[in-house]
Amino acid sequence: MKYWSEIKYKLTDHITVAMQLLLLMLGIYIFIMAEKERFWKIPMLFIGLMVWFFLQKKSKHPIIWIAFFALLVFDLYHFYFRVANHHFMLMFMVLPVIFYMYHQKRSILLKNIQMLLVIVILTSVVQKLLSSQFMSGDFYYYMMNKGSIFGTFLNFFPDSLEVAQSNRASMLALYALDPNEGEHIVLNNVFPYLGQISFLFAWATVAVEFLVAIAILWKPRHIVTHLLFLTMILGILCTRLETGFMALLAICGIFLCHNIKLRLLYVMIVMGCIALVVTKLGYH
Amino acid sequence: MYAKTKELLLKYGIPSLAIIVVVVQLFFVNTQKLNKWKGGGYGMYTGIHYFYDQIYIPGLSVDSLMEDNIKMKTILSRLKLMPNDINLEKAAKFVIKTTRKDSIHIQIWKPIVNSKKGTFSRVLVNEVHLKKSQL
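Note that the structure is a prediction, hence the values are computed from the model and not measured. (Residues numbered from 1 in each chain as written. Chains lettered and ligands numbered in written order. Predicted model: local features only at pLDDT ≥ 70, side-chain atom pairs only at ≥ 80, totals over all residues. Heavy atoms only, no water.)

A. Broad picture of the nonpolar core. If you look at the biggest cluster of nonpolar residues, it comprises 107 residues, and the most contacted ones within it are A:M89, A:F229 and A:F255. Of the residues forming this core, the biggest block, 12 residues, is contributed by helix α2 (residues 14-33) of chain A. Here this core spans two domains, since at least three of its residues come from each of domain 1 (1-47) and domain 2 (48-134) of chain B. When neighbours within four sequence positions are excluded, A:F255 is seen to be in contact with A:H14, A:I15, A:A18, A:M19, A:V97, A:L109, A:L110 and A:I113. Counting residues in each nonpolar core, the second largest holds 19 residues, with B:I57, B:L79, B:I96 and B:I104 among its members. (Core = buried A, V, L, I, M, F, W, Y, C linked by side-chain atoms within 4.5 Å. Buried < 20%, exposed > 50% of the residue type's maximum accessible area, 1.4 Å probe, protein only. Helix = DSSP H or I, 4+ residues; strand = E, 2+ residues; numbered from the N terminus. Domains from an automatic or database assignment. Contact = heavy atoms within 4.5 Å.)

This is how it looks when you write it as structure tokens:
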């Protein structure tokens with residue numbers, strides 16, 4: 001019980017908790033990306049760390065946040081079209097935090113996070129609606145037949161796993177042929193009725209994402225909104241270990257959530273994702 | 001008045017920036033053939049990843065071309081990410097320069113799936129023919 005009261009006490013100040021986890025994620029991401037253009041990053045990191053280490057208490061500026069943000073901007077400048085979407089998301093989360101340290105208004109910070117989440121999820125819905133490959137179910141059909149989503153669960157069905165492996169081998173064989181010959185292969189379904197399942201799953205994905213975005217826009221702190229949001233995050237993690245992006249979404253959840261138990265669940269998701277990212281089992 | 005404007009800017013400035021990035025991404029997707037997975041438009045998992053697109057150069061192995069050639073790797077990776085005419089021409093010029101061939105034909109093929117028929121095939125996205133004399 002004593003531990004639980006300690007945890008509850010820690011989770012009471014959710015903004016601090018979310019900022020601590022965001023800084024941790026940011027540090028890990030910077031570490032992973034540090035190899036790219038490393039000769040420019042060495043002086044940036046060195047100066048940033050030195051100033052943070054010695055002048056942290058003397059300066060009123062959030063030095064470590066600014067230094068890490070500068071590195072994110074640097075990578076964005078060099079690899080604008082190559083960085084993943086969570087790079088943009090991370091930047092749009094770090095920027096409000098830096099501003100918050102100057103204006104100290106929680107309402108502004110929370111509005112920033114709420115609107116950012118709505119934009120990210122709604123844009124994702126629009127992109128899916130605009131993609132005929134997604135809405136027809138073809139994309140999920142391809143991914144499932146290759147074992148690229150629900151891959152972990154496929155291990156419990158040896159026959160289906162074998163079918164996925166054989167599909168992958170057939171695709172590789174097709175790639176070895178001259179594409180101008182117009183050859184095609186027929187995929188074997190890992191499960192019966194996969195075409196129909198993929199179609200329904202695609203529409204269900206869009207419906208859930210749309211529902212979550214509207215709920216966050218309308219009632220950002222309501223318990224039902226967070227139950228839906230958590231279902232979405234856990235659902236995505238079950239399909240594929242998109243741990244970096246999901247950790248960021250969960251941190252946004254901590255910022256907005258009022259319920260202590262749900263905050264704890266968000267923290268557990270972030271911690272789990274971090275563990276998977278650093279061990280490279282999940283995607284960063 | 002000033003305080004209100006400042007608060008409004010602080011509340012909606014960063015989300016507006018996020019929207020601008022999305023609009024820029026959509027512009028590049030629709031005019032420059034940028035793949036939806038990239039560019040900050042949150043279009044990941046809306047289609048097969050561009051990693052599985054195929055650069056086909058008749059008579060040449062793309063893997064061999066990229067082996068130990070960082071510049072070739074960068075140019076061809078960019079071509080897969082954004083297979084527009086500019087990137088195709090850049091790639092063709094560099095391949096001609098590297099291989100010293102008189103002419104080159106580069107094609108970009110995308111995988112397509114039909115869940116109703118259960119088929120998997122490839123479709124041509126863009127191609128270029130370039131002669132050394134055109135350089």
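B. How the structure looks around the UniProt feature "transmembrane region" (unreviewed entry) in chain A. Residues and elements named next belong to chain A. Residues annotated by UniProt as "transmembrane region" (unreviewed entry) correspond here to residues 12-32, 38-55, 62-80, 86-103, 115-135, 197-218, 227-256 and 262-283. Across residues 62-80, helical content stands at 84% and strand content at 0%; the span's end C-alpha atoms are separated by 25 Å. Its end C-alpha atoms 26 Å apart, residues 86-103 is made of 100% helix and 0% strand. (UniProt positions renumbered as here; feature names shortened; annotations may be inferred.)

C. How the structure looks around the side chain of B:R122. Topologically, B:R122 is positioned in strand β3 (residues 119-131). We note that B:R122 is buried and unpaired, the nearest opposite charge coming from A:D178 at a distance of 6.7 Å. Here A:L174 takes part through its backbone oxygen, which lies 2.9 Å from a polar atom of the side chain of B:R122. A distance of 3.3 Å separates a polar side-chain atom of B:R122 from the backbone oxygen of A:L177. Ignoring anything within four residues of it in the chain, the contact list for B:R122 reads A:L174, A:Y175, A:L177, A:D178, A:P179, B:Q54, B:W109, B:K110, B:P111 and B:I112. (Lys, Arg positive; Asp, Glu negative; His and termini not counted. Salt bridge = Lys/Arg side-chain N within 4 Å of Asp/Glu carboxyl O. Polar contact = N/O pair within 3.5 Å; in protein donor to acceptor, adjacent residues only side chain to side chain.)

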